[in-house]
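Observations on the three-dimensional arrangement
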Amino acid sequence: MLGLRGLRLPPAGILLLLPFLPLLLLPAAPAPHRAPYKPVIVVHGLFDSSYSFRHLLEYINETHPGTVVTVLDLFDGRESLRPLWEQVQGFGEAVAPIMAKAPQGVHLICYSQGGLVCRALLSVMDEHNVDSFISLSSPQMGQYGDTDYLKWLFPTSMRSNLYRICYSPWGQEFSICNYWHDPHHDDLYLNASSFLALINGERDHPNATAWRKNFLRVGRLVLIGGPDDGVITPWQSSFFGFYDANETVLEMEEQPVYLRDSFGLKTLLARGAIVRCPMAGISHTAWHSNRTLYETCIEPWLS
């Protein structure tokens, strides 16, 4: 005991911690590894180019840093009037190698006319790996409205008589005629449409079953549009709604293509894979630059 005289002993609490000292000295556990964001592919619309999407690119880089974003620079400007099947082939050749390098899947953001190009791509590509297909103000059930685009392209025509041009072999050489959908001339539309009537499964063709199977590979279909768009007519076409013969809008669930499940819409909805994001107050040319729209309707689906 003499040897302990004057020696200050550590407090009892410290003595109790001594057995755990080796654990306290271990290095901190590494932070859980987060899987990288899936690549994003952007397809523009009529008369657009990749430059139009600079704000969208900025938003994605800010909220999902490290995401590989490819804004495809094909069929820009007036070249966007080329027939849509020609564009589908060109865009398909561009997206295939991106998909091949992304076994975890990719996201598609497709604006206006580009939304129809992308839907066709999902139909004809046997092994696509699209997780989210985000259709941004796209006339998915067609277009029937007098817009500045039409007045520039067909200055002597109005929507009431444009079918005479669009439902001719010559007219089908213009992209906008490929999805012109005149509700007062449905028989002409079904017989003449070389694009929309086919991808909708409204006209029989030998690839219908395979295209439906391909389309249903998509993980999620996000539909975006709104009543103040000013170009897509009716605006509900962005959600697969469209006019009947009296120009009354029938919503998606009332459309024959949904009721027959001709290309898979009903199946997608049944499995909870359709997201509808309507937003008022946005004009057609502002969808890809509106920050609130991005945060509400696009960013949540870019996993």
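Here the structure is a predicted model, which means the values were calculated and not measured. (Residues numbered from 1 in each chain as written. Predicted model: local features only at pLDDT ≥ 70, side-chain atom pairs only at ≥ 80, totals over all residues. Heavy atoms only, no water.)

Some words on the state of the cysteines
What counts, and what does not: Our working definition of a disulfide is a cysteine sulfur pair at a distance within 2.5 Å. Exposure categories follow from relative accessible area, calculated using a 1.4 Å probe and restricted to protein chains: below 20% of the type maximum is buried, above 50% is exposed, and the middle band is partly exposed. Secondary structure elements are taken from DSSP: a helix is a run of H or I of four residues or more, a strand is a run of E of two residues or more, and numbering for both begins at the N terminus.
Counted by the stated rule, this structure contains three disulfides. Each sulfur in the disulfide pair C110 and C118 lies 2.0 Å from the other. One quick way to see it: the torsion about the S-S bond of C110 and C118 is about -85°, and its sign makes the bridge left-handed. Exposure class is identical for C110 and C118. Each is buried. A disulfide bridge connects C166 with C177, and the sulfur atoms are separated by 2.1 Å. Its S-S torsion of about -60° marks the bond between C166 and C177 as left-handed, since a negative value means left-handed. Here C166, found in helix α7 (residues 163-166), pairs with C177, found in helix α8 (residues 175-178); they are 11 residues apart in sequence, far enough to count as distant. No difference in accessibility class separates C166 from C177, as the two residues are buried. Numbered by position along the chain, the disulfide-linked cysteines of the chain connect as 1-2, 3-4, 5-6.

Looking at the nonpolar core
Note the following rule: In these notes, a set of buried Ala, Val, Leu, Ile, Met, Phe, Trp, Tyr and Cys residues joined through side-chain atoms within 4.5 Å is what counts as a nonpolar core. In this description, contact between two residues means that some pair of their heavy atoms is separated by no more than 4.5 Å.
Counting residues in hydrophobic clusters, the biggest one holds 62 residues, and the most contacted among them are F133 and L221. When sequence neighbours within four positions are dropped, the list of residues in contact with L221 reads F133, F215, F240, L265, L268, A273, I274 and V275. Core analysis: the second largest hydrophobic core is formed by 24 residues, V222, C277, M279 and L293 among them.

So, the confidence of the model for the chain
Note the threshold: For every residue, the predictor reports its confidence as pLDDT, a number between 0 and 100.
Averaged over every residue, the pLDDT of the chain is 90; the share at 70 or more is 86%. Between residues 1-7, whose pLDDT stays under 50, and residues either more than four places distant or in other chains, the model counts zero contacts.

Here's the deal with the packing of helix α3 (residues 54-63) against helix α14 (residues 291-298)
Applied cut-off: Axis geometry follows a simple rule: fit a line to the C-alpha atoms, using only the stretch in contact for helices, then measure angles between N-to-C directions, giving values from 0 to 180 degrees. Here is the rule for angles: anything less than 35 degrees is roughly parallel, anything more than 145 is roughly antiparallel, 65 through 115 is roughly perpendicular, and the remaining ranges are oblique. Handedness of a crossing follows from how the near helix is turned relative to the far one, being left-handed for an anticlockwise turn of less than a right angle and right-handed for a clockwise one. Under the scheme applied, nonpolar residues are Ala, Val, Leu, Ile, Met, Phe, Trp, Tyr, Cys and Pro; charged residues are Asp, Glu, Lys and Arg; polar residues are all the others, including Gly.
In the contact formed by α3 and α14, the axes pass within 11 Å of each other and the chain directions differ by 55°. Comparing the axis directions of α3 and α14 gives the class oblique. The way α3 lies across α14 gives a crossing that is right-handed. Here α3 contributes L56, Y59, I60, E62 and T63 to the contact with α14, which in turn contributes R291, Y294 and I298. Taken together, the residues that form the contact of α3 with α14 break down as five nonpolar, one polar and two charged.

Comments concerning the side chain of S168
Heads up, the condition is: For the purposes of these results, a polar contact is taken to be a pair of N or O atoms within 3.5 Å, where, inside protein, one atom must be able to donate a hydrogen and its partner to accept one; residues adjacent in sequence count only when each atom of the pair is a side-chain atom.
Inspection of the secondary structure assignment puts S168 in the loop between α7 and α8. A polar contact of 3.0 Å, which involves the side chain of S168, links it to the backbone nitrogen of G171.

Examining the side chain of Q172
Residue placement: Q172 occurs in the loop between α7 and α8. Separated by 2.7 Å, the side chain of Q172 and the backbone oxygen of C166 make a polar contact. Apart from residues no more than four positions distant in its own chain, Q172 is found in contact with P83, C166, Y167, C177, N178, A192, S193, S194 and F195.

Digging into the pairing of strand β5 (residues 220-225)
Regular strands have side chains that alternate between both faces of the sheet. This is how the line gets drawn: A pair of strands is treated as paired once DSSP finds two or more bridges between them.
Within β5, five of the six residues are buried, which leaves it mostly tucked inside the rest of the structure. Where strand β4 (residues 130-136) lies against β5, five bridges are found, and the strand directions are parallel. From the neighbouring strand, S135 faces β5, where its bridge partner is L223. The pairing of β5 with strand β8 (residues 274-278) spans five bridges and is parallel. Counted as the bridge partner of L221 is I274 from β8.

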